[in-house]
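Okay, here's what each chain looks like letter by letter:
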Amino acid sequence: RCVVDEKSLTEAFPPSDIVYLSSESDVTLEAFDPAKVYVIGGLVDHNRLKGLSHARAVEKGLQTARLPIDGNVELDGRKVLTVNHVFSILLKYHESGDWKEAFKELPSRKIRE
């Protein structure tokens, strides 16, 4: 379900219900909690801004988590995924309940053989 709202994220949902997905999180997402709202971090923090969006999420009191890449897929290169890839992975995981299956949504050029 998609809802368009002019409220900020923390006005629309209690901060305790929000999980900001970020590769910089120390917490690995193991499974979905249906009571939570998951936000795909869409800002890539390069060089001098590295970690900025994750830090802002923490400052706002939001929980953060990263996808369970390690142990489920070996990426070729950096562990940076597009918003579209993350969305596809999350959708497949929601359907299958299997992270290994979900990571098959990545294009073959991203996966180390």
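For the structure itself, look to the data block above.
Residues numbered from 1 in each chain as written. Predicted model: local features only at pLDDT ≥ 70, side-chain atom pairs only at ≥ 80, totals over all residues. Heavy atoms only, no water.

### Brief notes about the sheet that holds strand β1 (residues 18–21)
Part 1 of the argument: Reading across from one edge, β2-β1-β3 is the order of the 3 strands in this open sheet, with parallel pairing throughout. Single-partner strands in this sheet number two, and they are β2 (37–40) and β3 (63–65). Ignoring which end each strand starts from, the neighbouring axes of this sheet average 30° apart.
Part 2 of the argument: For β1 and β3, the ladder comprises 3 bridges, and the chain directions are parallel. Its bridge partner lying in β3, Val-19 is registered against Gln-63. (Pairing = 2+ DSSP bridges. Helix = DSSP H or I, 4+ residues; strand = E, 2+ residues; numbered from the N terminus. Axes fitted to C-alpha atoms, helices over the stretch in contact; angles between N-to-C directions.)

### Re the environment of Thr-82
Part 1 of the argument: Inspection of the secondary structure puts Thr-82 in the loop between β3 and α3 (83–96).
Part 2 of the argument: Distance from Thr-82 to Tyr-93, taken between C-alpha atoms, is 17 Å for residues 11 residues apart in sequence.

### So, α3
Part 1 of the argument: In this model α3 runs 20 Å from its N-terminal to its C-terminal C-alpha over 14 residues, within 8% of the 20 Å that 1.5 Å per residue would give.
Part 2 of the argument: By the burial criterion, the buried members of α3 are His-85, Val-86, Ile-89, Leu-90 and Tyr-93. For α3, the arc enclosing every buried residue in end-on projection is 130°, short of the 170-degree limit, so these residues lie on one face. Across α3 from its buried face, at more than 90 degrees, point the exposed residues Asn-84, Phe-87, His-94 and Glu-95.
Part 3 of the argument: At its buried positions, α3 is contacted by β1, β2 and α4 (99–102).
Part 4 of the argument: Note on α3: the residue one or two positions beyond its end, Gly-97, has a positive phi of about 70°. (Expected span 1.5 Å × (residues − 1). Buried < 20%, exposed > 50% of the residue type's maximum accessible area, 1.4 Å probe, protein only. Arc of directions from axis to C-beta. Contact = heavy atoms within 4.5 Å.)

Remember, this is a structural readout, not a statement about activity or role.
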